[in-house]
Amino acid sequence: MNESQPAGAVAAGIALILAPIIALVIKAAVFPGWMLFIIVMASIPLLLGYALQIVVAANGMLRARGMFQTMPGRQRGIIAAWITSAGILLVGVFLVDGGDDGTYGSAFTELLGTSSTPGGEQLSTTLMLASAPLWIGGWLWLVIEWIVLLAQRRSALPRS
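Residues numbered from 1 in each chain as written. Predicted model: local features only at pLDDT ≥ 70, side-chain atom pairs only at ≥ 80, totals over all residues. Heavy atoms only, no water.

### Section: the environment of G120
Under the convention used in this document: Secondary structure counts use DSSP, requiring at least four H or I residues in a row for a helix and at least two E residues in a row for a strand, with both numbered from the N terminus. Throughout, a contact is declared for two residues whenever any of their heavy atoms are within 4.5 Å.
Mapped onto the elements, G120 comes out in helix α7 (residues 118–156). Considered as a pair, G120 and V96 are 24 residues apart in the sequence and their alpha carbons are 9.3 Å apart. Setting aside chain neighbours within four positions, we find G120 in contact with T109 and T114.

### Digging into the packing of aromatic side chains
The condition is simple: Two rings from Phe, Tyr or Trp (for Trp, the six-membered ring) form a pair when their centres are within 6.5 Å of each other. A pair whose planes differ by under 30 degrees is stacked, one over 60 is edge-to-face, and the rest are tilted. Three exposure classes are used, based on accessible area relative to the maximum for each residue type with a 1.4 Å probe and protein chains only: buried under 20%, partly exposed in between, and exposed over 50%.
This structure, assessed with the given rule, holds two aromatic pairs. Ring geometry for F94 versus F108: centroids 5.0 Å apart, planes at 75°, classification edge-to-face. Here F108 lies in helix α6 (residues 107–112) and F94 lies in helix α5 (residues 74–94), a separation of 14 residues in the sequence. Just as F94 is buried, F108 falls in that class too.

### Re the layout of surface pockets
Defined as follows: Here a cavity denotes grid points, spaced 1 Å and computed from the protein atoms alone, that fit a 1.4 Å probe unable to get out, and a pocket denotes an open set having protein on both sides within 12 Å along at least 5 of 7 lines; residues with an atom within 4 Å of a point are the lining. Grid points are joined across faces, edges and corners, and a volume is the space filled by probe spheres set on the points. Ten residues, namely Ala, Val, Leu, Ile, Met, Phe, Trp, Tyr, Cys and Pro, are considered nonpolar, four, namely Asp, Glu, Lys and Arg, are considered charged, and the remaining ones, Gly among them, are considered polar.
Looking at the largest pocket, its volume works out to about 650 Å³. Breaking the lining of the largest pocket down by element, the ones donating at least two residues are α1 (8–30), α2 (34–41), α3 (43–61), α5 and α7. Counting residues per element, the lining of the largest pocket draws most heavily on α3, which supplies seven residues. For the lining of the largest pocket, a count of residues per class yields 20 nonpolar, six polar and one charged.

### Notes on the side chain of S85
To keep things clear, this is the line we draw: Here a polar contact is taken to be a pair of N or O atoms separated by no more than 3.5 Å, where protein atoms must pair a possible hydrogen donor with a possible acceptor and residues adjacent in sequence count only if both atoms sit in side chains.
Checked against the element boundaries, S85 lands in helix α5. The buried category is assigned to S85, whose relative accessible area is 3%. In terms of polar contacts, S85 uses its side chain to reach the backbone carbonyl oxygen of A81, at 2.8 Å. Contact partners of S85, with chain neighbours within four places excluded, come to A15, L16 and A19.

What follows is the structure, given as C-alpha cells:
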C-alpha cells in the first residue's frame, strides 16, 4: 500500500464483510428467539443489502485500484463503512430476544447480569434503537458515496 492510499480502506472493507456475520453469531449464540426467527424470515432484503455491501467492499476497498483506495473524497465512504459496521455490531449486541420459556435478554444484558429484567430490557432496547440508525444510515451513506465515486471515476475516464 503506498502513501496515497488510506490505511483504513482495507480494514473498513474487511469490517464491512465480517461485521454482519459477527453480529448474527452474537445474536444467535446468546439469546436466540422470536426476533432471530423474524430476522431469518426477512432475510431476502437483508441478504440483498449484504451482497451490495460485499460488492462495495471487494471492489472499492479491498482492491488496490478500488475507488475507496484511489479517488478524491474516498475518506467519507470509509467513515460510512465504519459507521455501518459498528452499527450492525451494536444492534446485534443490544437486540433483546427471548423465547417461549419466559427468559429474554441480549448479549448486553447477559454481560450486565440484567437478563429477564425490565430495566435491562429497557436499557438494551434504548441502546439498540440508538444503534439501528447508525447501521441503516451508515449503509445508505456508504452506498451513496460509492455511487458518487463511480460517477466521478466514469467522468474522469477519457472519452473515445
